Amino acid sequence: MISSIKEKSNEFINMATSVLTSELSLDQNNENNVIDKLLDHDPGKREKVQSSSQRNYLFSLGPFQPKLQRYPININIPQGRQRQFNSNWFTEYPYLEYSVHSDAVNCFICGLFPNRSCAETSWTKEGVRTWHKMKSKGKNRKGKLELHFTSKSHQFALNDYSNFILHSNHIDGLLNKEHRKTAINFIQQKEFHKDVIKILFDVSRTLARQGLPFRVDGDEKNGNFNQIILLLSRHCPVMKTWIEEVKFRPYHISYMSHDSQNEFIKLLALETKKQIVKEVNDANMYSIMADTTPDMSNRDQMSVCVRYVDSSGKVLERLIELVEVTDKTGKGTAQNISDVLTKNYLDLERIVFQSYDYASSMSGKFQGAQAMLSELVGYHIHYIPCRAHRLNTFVEHSCESSIIVCELFTSLESLYVFFSSSTKRSCSLEKTLSEIEGSLKLRNLSKTRWTARAESVRVVWLSFEGIVSVLHEISINSSIDKKTRVQALGLEKKCLSIDFIIYLYFMNHIMYQMKILTEMLETKDLNIVDALILIDSSIKSLTETRNNEILINELIASAKSFFLKLDIDFIGDFNQHHRKRSKPRKIDSNPQSHVHLTYEDFYRKEFL
């Protein structure tokens, strides 16, 4: 302290000597004798800062950050690049200022403390407006914003700013015990608040990581966030003190309200997205994937994802943003994707591939999203349709081509609804199935994933006899209402029909093969070579099944022997439902020439 006082005193003596020697008058334009006047908040109109009071005035106003509905376009920048200022940069760089007067950006801190030999005058006086170089100046080159805010001149200005606002370094604070005590208490409170905020952020990050809700309907205090904080307060003195002292703080601030929770989530999301964007930009090239799906409010939400290879050679897929879409045409979808990428500072010229589902609005060669996006960016982007979705579409249309297969799935859905709609019936089925080795529970048919229906087919295939026996018991139980018994009887007859059993045999083999292929195509670590091998092997297997007449006949024979085991007349059932129906003579003059198919020929034709 004594050394510091001595050093300051020598500076004052030298200054006084200089003033007396040069006979400077108090009216002259000296930095320590500036007549204070108000400075313009806009950095383009602002004069040079010359006094401490002027700095304090500007500090009270903060950086000039106007958020306009639309910023002017710099016509000197070619089209297809960033041609105007983006207000999102204010969030990423808090000390950034925008001048409405000069349509340029300045650095707030460097403008207040410019007295450094290495300072960049473009950021303190003229302003910068090369918008296309703000985030990136080319391949592996940082943008102007990143270069300035990590430069030595900016760090020097920050140090000057810290020294200016740190009152504990002033001589009156060093000499006054009360001031020192207040400063020490301020530092302790600051560290205490930092520890509290860290804990609150950790809780928010954990809940987000686990995908758990922060709040519940009704009382906010019963939400996961508040309850975890209360749990931590029992074992953490910092949180206990924070909660106990809430009533002594102004406005009872606790940072545990729904607004604070939303702010934590937003800040975490921004930081996460910032890291993803940095990784994508460092990768130099990336692919995009997009898909839409309706939410609970029946609004279409489009998820935009990027796929890239990081510096360690690991392939990563990351969700960039979820946006609501109203225009689902190819052009509208492509425009939405372009807007999301531009908003998140991803260079459109680095897209190398695009992948969507096989819907015509996405995959269309002329008006689809893949063609429209190539037109927007100005070069051809290779399009790779999602093979898993394409396979799903293939299975869907294949199944819908057969009425008997559609009837099979309708019966499976009716079985699931019948047992799941009643706890009594469900318990009765579970009790019966528990006695059957390898049996599974009934599953609902997926509305979007047709290959998931393989599970429904397999369940009935493994537990067929148990399901039929339960249906029979319900149908003959006089204590059960008539409507339920009629439903059970109808389902029992449907399950014991020849079409149901034969197609259950057939679809169990086909659907499960498609399910395995789809799941393999959806794995994250799949490469293009393995995908081609899987598809080729599946096509080969299906071709062999289709061309092998003996295999199909054996499948029909197995179903026939199963019918005999159930003591059901196989031929009689077939003739009843698929008997020969001759056309009348007024339509066909030769009805006796109508072909008659045996049951082997009929089902072989249906299978093909």
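Throughout this document, residue positions are counted from 1 along each chain, in the order its sequence is written. In view of the model being predicted, local features appear only for residues whose pLDDT reaches at least 70, and side-chain atom pairs are presented and counted only at 80 or more, with totals across whole chains, interfaces and linings using the full set of residues. Remark: hydrogens and water are excluded; side-chain values derive from all non-hydrogen atoms of the structure.

Draft legend 1. The packing of aromatic side chains, seen in detail. Any two rings among Phe, Tyr and Trp, with Trp reduced to its six-membered ring, count as a pair given centres within 6.5 Å; such a pair is stacked if its planes are under 30 degrees apart, edge-to-face if over 60, and tilted if neither. Taken as a whole and judged by the stated rule, the model has 34 aromatic pairs. When the ring of Phe192 is compared with that of Trp242, the centres are 6.2 Å apart and the planes differ by 50 degrees; the resulting orientation is tilted. Of this pair, Phe192 sits in helix 8 (residues 177-210) while Trp242 sits in helix 10 (residues 237-244), placing them 50 residues apart in sequence. A simple rule labels every residue: compare its accessible area, found with a 1.4 Å probe on the protein chains alone, to the largest value its type can have, and call it buried under 20%, exposed over 50%, or partly exposed in between. Of the residues examined, Trp242 reaches a relative accessible area of 3% and is grouped as buried. Considering the side-chain rings of Tyr503 and Tyr603, the 6.5 Å spacing of their centres and the 65 degrees angle between planes classify their relative orientation as edge-to-face. A residue pair is termed long-range when its members are at least 10 positions apart, and Tyr503 in helix 21 (residues 498-521) and Tyr603 in helix 25 (residues 599-607) qualify at 100 residues. Each of the two residues, Tyr503 as well as Tyr603, counts as buried. Here the aromatic cluster, defined as three or more aromatic residues joined through ring pairs, consists of Tyr503, Phe506, Phe574, Tyr599, Phe602, Tyr603 and Phe607. Note on criteria: charge over ring means Lys NZ or Arg CZ within 6 Å of the ring centre, with the direction from the centre no more than 35 degrees off the ring normal. For Arg249, the ring lying beneath its charged end belongs to Trp242, and the centroid distance is 3.7 Å. Numbering of helices and strands starts at the N terminus; helices are DSSP runs of H or I of at least 4 residues and strands are runs of E of at least 2.

Draft legend 2. Geometry of the sheet that holds strand 8 (residues 351-355). Strand order across the open sheet formed by 5 strands is 7-6-5-8-9, with mixed pairing between neighbours. Looking along the sheet, the strands with just one partner apiece sit at the ends: strand 7 (315-324) and strand 9 (382-383). When DSSP finds at least two bridges between two strands, those strands are taken to pair. Where strand 8 lies against strand 9, 2 bridges are found, and the strand directions are parallel. Within strand 9, the residue paired with Phe353 across the bridge is His382. Throughout, a residue-residue contact means that at least one pair of heavy atoms, one from each residue, lies within 4.5 Å. Helix axes are fitted to C-alpha atoms over the stretch in contact, other axes to C-alpha atoms as well, and angles between N-to-C directions run from 0 to 180 degrees. Sheet strands in contact with helix 12 (residues 330-343) are strand 5 (286-294), strand 6 (300-309), strand 7 and strand 8, and its direction is about 55 degrees off that of strand 6.

Draft legend 3. Representation of the nonpolar core in the model. Residue types Ala, Val, Leu, Ile, Met, Phe, Trp, Tyr and Cys, when buried and joined through side-chain atoms within 4.5 Å, form a set referred to as a nonpolar core. By size, the foremost hydrophobic cluster in this structure holds 59 residues, and its most contacted members are Phe409, Phe419, Met507 and Tyr603. By residue number, the principal contributor to this core is helix 21, which donates 14 residues. Core analysis: the next-biggest nonpolar cluster, separate from the first, contains 30 residues, Val280, Ala283, Ala334 and Ile381 among them.

Draft legend 4. Seen up close, the side chain of Arg249. Within the element layout of this structure, Arg249 appears in the loop between helix 10 and helix 11 (258-283). Here Asp and Glu are counted as negative and Lys and Arg as positive; His is not counted, and neither are the chain ends. In the sections that follow, a salt bridge refers to a side-chain nitrogen of Lys or Arg positioned within 4 Å of a carboxyl oxygen of Asp or Glu. Comment: no salt bridge for buried Arg249; closest opposite-charge side chain is Glu245, at 4.3 Å. A polar side-chain atom of Arg249 sits 2.9 Å from the main-chain carbonyl oxygen of Trp242. If near-sequence neighbours (up to four positions away) are discounted, Arg249 is found in contact with Trp242 and Ser254. Polar contacts, as used here, are pairs of N or O atoms within 3.5 Å; protein pairs need one atom able to donate a hydrogen and one able to accept it. Residues neighboring in sequence count only if both atoms are side-chain atoms.

Draft legend 5. Seen up close, the side chain of Gln54. For Gln54, the location among the structural elements is in helix 2 (residues 52-61). Side-chain polar atoms of Gln54 contact the backbone nitrogen of Gln50, separated by 2.8 Å.

Draft legend 6. Representation of helix 20 (residues 482-495). Helix length check: helix 20 (14 residues) gives 20 Å between terminal C-alpha atoms against 20 Å at 1.5 Å per residue, within 8%. Thr484, Ala488, Leu491, Glu492 and Cys495 are the residues of helix 20 that are buried. Projection of helix 20 onto a plane perpendicular to its axis shows the buried side chains occupying an angular sector of 105 degrees, all on one side. In helix 20, those exposed residues whose orientation departs by more than 90 degrees from the buried face are Lys482, Lys483, Val486 and Lys493. Residues of helix 20 that are buried in the fold lie against helix 16 (403-420), helix 17 (423-434), helix 19 (464-476) and helix 21. Any helix carries an expected span of 1.5 Å times its number of residues minus one. The arc in question is traced by the directions running from the helix axis to the C-beta atoms.

Draft legend 7. A look at the pattern of salt bridges. The tally for this structure, following the rule as stated, stands at 18 salt bridges. The closest approach of N and O atoms between Asp202 and Arg205, which form a salt bridge, is 2.7 Å. Here the residue Asp202 and the residue Arg205 both occupy positions in helix 8, the gap between them amounting to 3 residues, near one helical turn. Linking Lys515 and Glu519 is a salt bridge whose minimum nitrogen-to-oxygen distance equals 2.5 Å. Taken together, the residues span about one helical turn, with Lys515 and Glu519 both in helix 21 at a distance of 4 residues. Note on Lys515: relative accessible area 11%, which makes it buried.

Draft legend 8. Representation of empty space enclosed by the protein. Definitions used for this entry: grid spacing 1 Å over protein atoms alone; cavity, a set of points where a 1.4 Å probe fits but cannot get out; pocket, an open set with protein on both sides within 12 Å along at least 5 of 7 lines; lining residue, one with an atom within 4 Å of a point. Grid points are joined across faces, edges and corners, and a volume is the space filled by probe spheres set on the points. Within the structure shown, the criterion is met by 1 cavity of 30 Å³ or more. Estimates place the volume of the largest cavity at around 30 Å³. At the level of elements, helix 16 and helix 18 (453-462) are the ones that each hand at least two residues to the lining of the largest cavity. Per element, the largest residue contribution to the lining of the largest cavity is 3 residues, and it comes from helix 18. Residues belonging to the lining of the largest cavity are distributed by class as follows: 5 nonpolar, 1 polar and 1 charged. Ten residues, namely Ala, Val, Leu, Ile, Met, Phe, Trp, Tyr, Cys and Pro, are considered nonpolar, four, namely Asp, Glu, Lys and Arg, are considered charged, and the remaining ones, Gly among them, are considered polar.

Draft legend 9. Structural context of helix 9 (residues 224-233). Taken together, the buried positions of helix 9 are Phe225, Asn226, Ile229 and Ser233. The buried residues of helix 9 occupy one face: seen down the axis, they fall within an arc of 95 degrees.

Draft legend 10. Main features of the state of the cysteines. Disulfide: a pair of cysteine sulfur atoms within 2.5 Å of each other. Using the criterion set out here, one finds 0 disulfides in the structure. Here Cys110 is not cross-linked by a disulfide; its sulfur's nearest cysteine counterpart is in Cys107, at 3.5 Å. Note on Cys386: no disulfide assigned, nearest cysteine sulfur contributed by Cys305 at a separation of 12 Å. Judged by its relative accessible area of 29%, Cys386 is partly exposed.

Draft legend 11. Region of the structure containing the environment of Ser257. Mapped onto the fold, Ser257 is located in the loop between helix 10 and helix 11. Judged by relative accessible area, which is 30%, Ser257 ranks as partly exposed. Separated by 32 residues in sequence, Ser257 and Phe225 place their C-alpha atoms 9.5 Å apart.

Draft legend 12. Here's a closer look at the pairing of strand 7. In terms of strand pairing, strand 6 meets strand 7 through 9 bridges, oriented antiparallel. Pairing of Gln301 across the sheet is with Glu324, part of strand 7. In this antiparallel pair of consecutive strands, strand 6 and strand 7, the connection spans 5 residues, and Gly313 shows a positive phi of 85 degrees.

Draft legend 13. Structural detail: the packing of helix 9 against helix 10. Helix 10 packs onto helix 9 with a crossing angle of 115 degrees between their chain directions and a minimal axis gap of 7 Å. Counting all contacts with helix 9, which are made through Ile229, Leu230 and Ser233, the residues of helix 10 involved are Met239, Lys240 and Ile243. Its residues placed into classes, the contact of helix 9 with helix 10 shows 4 nonpolar, 1 polar and 1 charged.

Draft legend 14. A look at the environment of Gly378. Mapping Gly378 onto the fold places it in the loop between helix 14 (369-377) and strand 9. When the C-alpha atoms of Gly378 and Val277 are compared, they prove to be 22 Å apart, with 101 residues separating the residues in sequence.

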